[in-house]
Each structure stands twice: as C-alpha cells, then as structure tokens.
There are 2 protein chains.
Amino acid sequence: MATATGHTAAIQASRVIGTEVYNTEGKNIGRIEDVMLDKTSNNIMFAVIGFGGFLGIGEKYHAIPWASLDYEEHRGGYVVPFSKDQLQAAPVHEINELTGGDGYKARDASYDYYKVPPYWI
Amino acid sequence: MATATGHTAAIQASRVIGTEVYNTEGKNIGRIEDVMLDKTSNNIMFAVIGFGGFLGIGEKYHAIPWASLDYEEHRGGYVVPFSKDQLQAAPVHEINELTGGDGYKARDASYDYYKVPPYWI
C-alpha cells in the first residue's frame, strides 16, 4: 500500500505526478506521468509510469496498481516491489490505450500481471 | 457519481485539474485545483475546488466528494448538485489544512456537510 509521507494519508494528485519511480534493485524505472481515476466509482484505477523515449517521443507507459507504490523519503521517490525482469516483461501501452476505451482493459492486465488483488471485486 | 465522458470510465488526474465547476443554477463556482488521493487505501478522498482570491492570493478551498462531480459536455465542466446557498455556507479551508494533517478531518466535514454517503464505511 502506498505509504504515508510525513504522517499524512492525503496526497495531492499534482504532487504525485512527476515523482520518480524505482524498482526493488534501486534502479530508476521512470516517473509517474499521471494517475488514472475511475469516473464511475471512488477509486484510483492505476498510476501511469512513463519510461523510455525522449521528450515524450517514443515513450511507453506502464499501468501500475496504486497499492504497489511505496514512497521512500530518502530516495525522494516511489519504490515498486517488482524486479527489473518483471518490469521489462510487463504490459506496456501507448498513452491513448490507457486513456481511450474504458481504461479497464489496461487496468485488468496490470493487476493480473503484477498479481495485485483487484480493488473492484 | 462522476459521469463518463466519451464513454470512458477512466480520466487522467491531470485532465481533471483545471476544469471549471458549476452549481445547479449554472453559476461558475470555481475550478478544480487538485484531487486528493488516499495513500493508505485505493480511494479518491475528494476534489479540491478553489474559489475567490486573485492569482492564488486569498483563495479558499472546498473539499468536494468525488462522487458529486458530474461532467457536462456542453458546459465543458463539472456540475455539482449543490445550490449557491449551500456552497456559500460550506466548510472552507486554507490549502494547508487540506494537505497537512491526515486529510481526514476535511474529508469527513465535507461528506457530512454535503450528505454524501461515506465511501469508507
């Protein structure tokens, strides 16, 4: 579960966006590009992590379950409990696949791949 | 409940931020300054609506339950089912009251005031 920073439970979406993300091996795997929200429920669908590409060109995106993000103060970024190999084999998306359609396909693929218990069941 | 735009359930937090908000009488009551996320669960705590002030000086903030926001395509903004009187008497906060502490006090006051069923019970 995303841990509290400075003993607060609340975090502004605008502060999450742009935060660096590291894997368990300490490797920077990208940064949070956005947070996908569900308009039909009260839920955060997933965080969108961008990696690769240059100035947004050729960039690919992972959908990562919100619950997998742990903020590490000393690192100034989130750590996800996934190895480099796991991340490299993870579903990647173009940004329009995440925002177009209903978003559920990318969400379901992400929770399935990372074996994170779905919040919607 | 926040309704779907273009038949999608997913909406990027970065697109929500900056969207204008209207009340049931069609009056513009402010704009969405941010979306507060709960780090300890999978939930959206509330939307932060800014109103009054000038260039951010003297601005006050409402915490509005996510479920109260309905996107109206023709208006290009969200409509909340609250009257002008209701909104004028609603709890207002300084931005640091929303982000500091644990965020639950502002959240609870908001859901209580607007009589929106709490998502956390």
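Summary of the structure given here. (Residues numbered from 1 in each chain as written. Chains lettered and ligands numbered in written order. Predicted model: local features only at pLDDT ≥ 70, side-chain atom pairs only at ≥ 80, totals over all residues. Heavy atoms only, no water.)

Residues spaced three or four apart along an α-helix point in a common direction, a consequence of the helix completing one turn every 3.6 residues. All names here are of chain A. The complete set of buried residues in helix H4 (residues 104-114) reads Ala-106, Arg-107, Ser-110, Tyr-111 and Tyr-114. Viewed end-on, H4 has its buried residues packed into an arc of 125 degrees, placing them on one side of the element. Looking at H4, the residues exposed on the side facing more than 90 degrees away from the buried face are Lys-105 and Asp-112. Where H4 is buried, its residues touch strand E3 (28-38), strand E4 (44-51), strand E5 (60-64), helix H2 (84-88) and helix H3 (95-99). (Buried < 20%, exposed > 50% of the residue type's maximum accessible area, 1.4 Å probe, protein only. Helix = DSSP H or I, 4+ residues; strand = E, 2+ residues; numbered from the N terminus. Arc of directions from axis to C-beta. Contact = heavy atoms within 4.5 Å.)

Here Lys-115 of chain A, not a glycine, exhibits a phi torsion of approximately 55 degrees, which is positive. Within the secondary structure layout, Lys-115 of chain A lies in the segment after H4.

A word on the side chain of Asp-38 of chain B. By the secondary structure assignment, Asp-38 of chain B is in strand E3 (residues 28-38). Buried Asp-38 of chain B, no salt bridge; nearest opposite-charge side chain is Arg-107 of chain B, N-O distance 4.4 Å. A polar contact of 2.7 Å, which involves the side chain of Asp-38 of chain B, links it to the side chain of Thr-40 of chain B. A distance of 3.2 Å separates the side chain of Asp-38 of chain B from the side chain of Tyr-104 of chain B, its partner in a polar contact. Here Asp-38 of chain B is in contact with Ala-9, Ile-44 and Trp-66 of chain A together with Asn-43, Met-45, Tyr-104, Arg-107 and Tyr-119 of chain B, once residues within four sequence places are set aside. (Lys, Arg positive; Asp, Glu negative; His and termini not counted. Salt bridge = Lys/Arg side-chain N within 4 Å of Asp/Glu carboxyl O. Polar contact = N/O pair within 3.5 Å; in protein donor to acceptor, adjacent residues only side chain to side chain.)

Before going further, it helps to spend a moment on the nonpolar core. Judged by nonpolar contacts, the single largest core of 64 residues is most densely connected at Leu-37 of chain A together with Leu-37 of chain B. Apart from the residues lying within four places of it in its own chain, the contact partners of Leu-37 of chain B are Ala-9, Ala-10, Ile-11, Ala-13, Val-16, Val-35, Leu-37, Ile-44 and Trp-66 of chain A together with Asn-43, Ile-44 and Met-45 of chain B. (Core = buried A, V, L, I, M, F, W, Y, C linked by side-chain atoms within 4.5 Å.)

As a further point, take the pattern of salt bridges. Applying the stated rule across the entire model yields 8 salt bridges over all chains. We note a salt bridge from Glu-33 of chain A to Arg-31 of chain A, for which the minimum N-O separation is 3.4 Å. The exposure class assigned to Arg-31 of chain A is partly exposed, which follows from its relative accessible area of 35%. Here Asp-108 of chain B ties to Arg-107 of chain B by a salt bridge, and the two come within 3.0 Å at their closest N and O atoms. You can call Asp-108 of chain B partly exposed: its relative accessible area is 34%.

Remember that the coordinates give geometry; whether it matters functionally is a separate question.
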